[in-house]
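Here is how the chains run, residue by residue.
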Amino acid sequence: MEVEGFKIIRTIGRGGMGTAYLATQESLARAVVLKTMNAGEEGAAREEFIERFLNEARIVASLRHPHIVTIYDIGNADGVLYISMEYLEGGDLKDRIRDGMHPGEALEVVEKVAEALGLAHKEGIIHRDVKPANILYREDGTPMLSDFGIAKRLKFDAELTSTGTILGSPVYMSPEQAEGMQVDGRTDIYALGVIFYEMLVGSRPYEGDSAVKIIMQHLQAPLPKFPRPFTAYQELLDLMMAKDREERFADTDALISYVQKLRLKTGVGPDSETASTVQRRAAGGGALQRKHLLWGALAAIFLMASGALSLYVYLEITRVPSFSSASRTGVPGYRPVPEAKPAVSPDPVQTASPDVRRDEAIKALEWLAKTSFEKDHLTTPPADNAHYYYSRLLALDPENTLAKQGFSTIAERYVILAEKAFSAKNYTKARSYITLGLQVEPGNKGLLALRSFIETREKTLLERFISFFLSS
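Residues numbered from 1 in each chain as written. Predicted model: local features only at pLDDT ≥ 70, side-chain atom pairs only at ≥ 80, totals over all residues. Heavy atoms only, no water.

Things to note about the environment of E360
Inclusion rule: We count a stretch as a helix when DSSP gives it H or I for four or more residues in a row; a strand needs E for two or more, and each element gets its number in order from the N terminus. Relative accessibility under 20% of the residue-type maximum defines a buried residue, over 50% an exposed one, and the middle range a partly exposed one, all with a 1.4 Å probe and only protein chains included. Whether two residues touch is decided by their heavy atoms; if any such pair falls within 4.5 Å, the residues are in contact.
With respect to the helices and strands, the residue E360 is situated in helix 15 (residues 354-374). A relative accessible area of 10% means that E360 is categorised as buried. On a C-alpha basis, the gap between E360 and L219 in space is 8.1 Å, while along the polypeptide they are 141 residues apart. Among all residues touching E360, those that are not within four sequence positions of it are E179, M216, L219 and Q220.

What about the pattern of salt bridges?
Applied cut-off: A pair is scored as a salt bridge if a Lys or Arg side-chain nitrogen falls within 4 Å of a carboxyl oxygen belonging to Asp or Glu.
Scanning the model with the defined rule gives 13 salt bridges in all. With a closest N to O distance of 2.3 Å, D95 and R98 form a salt bridge. Placement of both D95 and R98 in helix 2 (residues 93-99) is noted, with a separation of 3 residues, approximately one turn of the helix. R98 sits in the exposed class, given a relative accessible area of 60%. Residue D397 is joined to R358 by a salt bridge in which the shortest nitrogen-to-oxygen separation is 3.6 Å. With D397 in the loop between helix 16 (386-396) and helix 17 (401-423) and R358 in helix 15, this residue pair connects regions lying 39 residues apart in the sequence. Since its relative accessible area comes to 16%, D397 is described here as buried.

Regarding the packing of aromatic side chains
This is how it is decided: Each aromatic pair joins two rings of Phe, Tyr and Trp (for Trp, the six-membered one) with centres within 6.5 Å, and gets the label stacked for planes under 30 degrees apart, edge-to-face for over 60, and tilted for any other angle. Any Lys NZ or Arg CZ that is within 6 Å of a ring centre and within 35 degrees of that ring's normal is treated as a charge sitting over the ring.
The tally for this structure, following the rule as stated, stands at 10 aromatic pairs. Here Y197 and F226 contribute two aromatic rings whose centre-to-centre distance is 5.4 Å and whose plane-to-plane angle is 10°, an arrangement assigned as stacked. Of this pair, Y197 sits in helix 6 (residues 186-201) while F226 sits in the loop between helix 7 (211-220) and helix 8 (234-241), and the two are 29 residues apart along the sequence. Owing to a relative accessible area of 6%, F226 belongs among the buried residues under this scheme. Members of the aromatic cluster, each reached through a chain of ring pairs, are F196, Y197, F226, F230 and Y233. Stacked on the ring of Y72, the Lys or Arg R30 has its end atom at 3.6 Å from the ring centre.

If you want it as structure tokens, here you go:
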């Protein structure tokens, strides 16, 4: 990969829209992230793809905020579209969640990201893909919101996406976004609520072995509940993740105001956050190990200070099963031993009425089929491709128009792929695409014609080859 003016160092990430590289901008000798657009689209699809890619640059460039990643440049180098942006050395939120986070750290992320989103919302921009991988850190620990690749400027929405198109990550998707409804800033607040839960508990509120099951939980499952050490934050979570967006915070200003008041009420702040992070990483152990280390240190102090009396106090304390909720929240760096989880909530797919379950499954399958098609996951990987989801749709709803048209759409996509491979003289790949397409739609005229053309061409070449040797 080469882009004039930049020296590529290494690949740092790949996504549905582009590939990100760590690079050096040679004119200023500075490290940057260079994001290039993936090739492969044709015709109108390519034009929409390009517009969405450029949309990210325009949106981010228009937003000046201390918690939004800085964009330096956008350009077209020999047909390769690229965006040059700030390189952040501090990793992403996924890493910090994995290490464990103090409530003060989690509240800081919510507050700072909400500030960044608030600016975007005031400009009529909805991010729609707020997730830990898109929250990065500067080396000094400042959280930064990035990747507005599927952001939606409300007044231009009709120009970029079809009505009802669902974009985003299912794990962090608001109910209205999962249903393909018109969204506003409250959909980003919902996603931030999911992240808030994950930062404190260490796991996501809704889990499942398929995107369908996760989406349906966002639509139907009860609101997640914090374990006892974090009950002081339950109301905040409820106001961020309410299924009905009318019951959520009206905007990010209301969310930020609530968080600031909650900080004062609970006494958590940035100073304790930094200390707790260092303490956890130095310990290198789980929650149980940290608790034992804390008690061991207390016991040693008591024993050295007053002998038998301290021993008595130590034994009395360790006899008590656990601290009260109030005392635990005041221990810097405290990471509780996971308590026994309450009985698992009934599966919303099972408890909902048959009609509701069927309708939600149809919506989820339609979204998965569209998403797989957009990624060119036409017939692979197994059980996670457009053909599979269209088949499931037809089994569930034999009259589903999208599913009926889906097979033809897949076959036509294989026509385009086969023609491209043929033009590139990759005849083996072209024949492979034709075979796959005809398995989906045996009577597709485009594929049949292309197969006939290739067979005729190969026959003609063979006849010429034989004729040449016979005449020699």
